[in-house]
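# Coordinate inspection notes
Okay, here's what each chain looks like letter by letter:
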Amino acid sequence: MQRIAVIAGDGIGTEVTAQALRALDTVRDRFDLDLEVEELDYGAERYLRDGTTLPKGEIERFRNDFAAIYLGALGDPRVPDMQHGREILLALRFELDLYINFRPVKCLADQFCPLKAKTHDAIDFKVFRENTEGIYVGVGGNFKKGTADEIAINEDINTRKGVERIIRAAFAYAQKNNLGRVTMSDKSNAMRYAHDLWQRVFKEVAQDYPTIEANHFYVDALAMALLRSPEQFEVIVTNNLFGDIVTDLAAELQGGMGMAASANINPDGLCLFEPVHGSAPDIAGMDKANPLAAILTMGMLLEHLEHREASRAIENAVMQTLHAGHLSEDLGGHTGTSQMGDAIVERLSA
Ligand code: ATP
């Protein structure tokens, strides 16, 4: 028996997770999977009610009792600064040491490809974004804040261990999946200390994978190449900041936020699966959210738990649903969230 902890969260997180769970139920029955779901009410409602973000000991319980965690989205206009969401996400990311933010970028239909003269199959690559270091760690400070002489500093933290493990993960993934090329992206021409470390480690690790081509793009050149010739990319590995930007650009190449799935991975531990989008308060509760990112994310979770047939069935059902013309508003159609879910379930049950 494998148990999945599900935190639907806030806003459209609850709506899209409901559809992802319907897809999960359907494949569980169809493929006779021994899976159990525990739904948890962590999110803004709970936080506003009793101040709970993640109770003490909860991460330990996750580690002991669950095979994976699924998260919808966190964020609510009633909670300033997304304090609850930050606490939950940061606790999960750092205590579980989820150092790989894994982002498959695949365009499923030509109509979602924003590039002139490209077809959907030109866009099919994976991004390994470092998830625990870099400039987002919050090391820094202000001096003379609020004055004309203010200095504001954010330090960019790159450790040998941190850089090596994300680069190794990218190569290991390429090898396991018979992919021929890993691209590392940095700005070593300008950031001469931190990104020199990335350069050295990349060259070193690449030697352990002689059959895989190791190439390099400065991040500005990568942004151009992703638009001009995305078909050349198979696996891209980069730091936290650049990964953040590159994966948003990449999400647009696959049809937008409503289509982008992700996983936060520690290869030796418990992993967290979540659609890339947030809680989207502007459309929350309106049955307008596209649930496909959430459903594809559930497919990734199943693949991670080695239920490959079920995972493939989900991706196929998404493809068939799109080809049948069931499109939510963000994709240019009028199909509501639950109707999109109906279309998926119908195809998964067939
Ligand atoms: P946060 O990430 O801080 O929760 P957010 O939810 O506003 O913020 P995103 O998730 O990046 O940010 O979404 C930006 C906008 O994209 C949303 O406000 C919404 O209009 C649109 N959007 C995001 N996800 C979806 C979706 N699944 N279906 C349809 N539209 C979406």
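Residues numbered from 1 in each chain as written. Predicted model: local features only at pLDDT ≥ 70, side-chain atom pairs only at ≥ 80, totals over all residues. Heavy atoms only, no water.

## What about the domain arrangement of the protein chain?
The assigned domain composition of the protein chain is domain 1 (1-99 + 266-350) and domain 2 (102-260). The centre of domain 1, based on its C-alpha atoms, is set 24 Å off from the matching centre of domain 2. In this complex, domain 1 contributes 21 residues to the contact, which on the side of domain 2 involves 19 residues. Approximately 1800 Å² of surface area, both sides summed, lies buried where domain 1 meets domain 2, with 63% of it carried by carbon and sulfur atoms. Applying the counting rule to domain 1 against domain 2 returns two salt bridges. (Domains from an automatic or database assignment. Contact = heavy atoms within 4.5 Å. Buried area = accessible area lost by both parts, 1.4 Å probe. Salt bridge = Lys/Arg side-chain N within 4 Å of Asp/Glu carboxyl O.)

## Observations regarding the site of the ligand
Lining the immediate surroundings of the ligand are 14 residues, of which Gly-278, Ser-279, Ala-280, Asp-282 and Asn-290 lie closest. In the environment of the ligand, a nitrogen atom lies 3.4 Å from a nitrogen or oxygen atom belonging to the side chain of His-277. One of the backbone N or O atoms of Gly-278 is found 2.3 Å from an oxygen atom in the ligand. For the ligand, whose unbound accessible area comes to 600 Å², protein coverage reaches 63%. Class assignment of the residues belonging to the shell around the ligand gives a composition of seven nonpolar, five polar and two charged. (Near = heavy atom within 4 Å. Polar contact = N/O pair within 3.5 Å; in protein donor to acceptor, adjacent residues only side chain to side chain. Areas by Shrake-Rupley, 256 points an atom, 1.4 Å probe, with all protein chains shown as cover. Nonpolar A, V, L, I, M, F, W, Y, C, P; charged D, E, K, R; others polar.)

## Regarding the layout of surface pockets
Its volume calculated, the largest pocket comes out at about 1200 Å³. Taken together, 38 residues line the largest pocket, and the ones lying closest to its centre are Phe-102, Lys-126, Tyr-173, Asn-177 and Glu-303. Looking at the lining of the largest pocket, the elements that each hand over two or more residues are strand E4 (100-106), strand E5 (124-130), helix H5 (160-176), strand E11 (261-265), helix H9 (292-304) and helix H10 (308-323). Looking at side-chain class alone, the lining of the largest pocket contains 21 nonpolar, six polar and eleven charged residues. Each of domain 1 (1-99 + 266-350) and domain 2 (102-260) accounts for three or more of the residues forming the lining of the largest pocket. Taken as a whole, the second largest pocket spans an internal volume of roughly 720 Å³. (1 Å grid on protein atoms, 1.4 Å probe; cavity = no way out; pocket = protein on both sides within 12 Å on 5 of 7 lines; lining within 4 Å. Points joined across faces, edges and corners; volume = space filled by probe spheres on them. Helix = DSSP H or I, 4+ residues; strand = E, 2+ residues; numbered from the N terminus.)

## Section: empty space enclosed by the protein
Scanning the entire structure with this criterion turns up one cavity of 30 Å³ or more. Of the volumes computed, that of the largest cavity is approximately 30 Å³. As for the largest cavity, its lining consists of Leu-89, Arg-93, Leu-98, Asn-131, Asn-264, Leu-272 and Glu-274. Broken down by secondary-structure element, the contributors of at least two residues to the lining of the largest cavity are helix H4 (83-95) and strand E12 (272-275).

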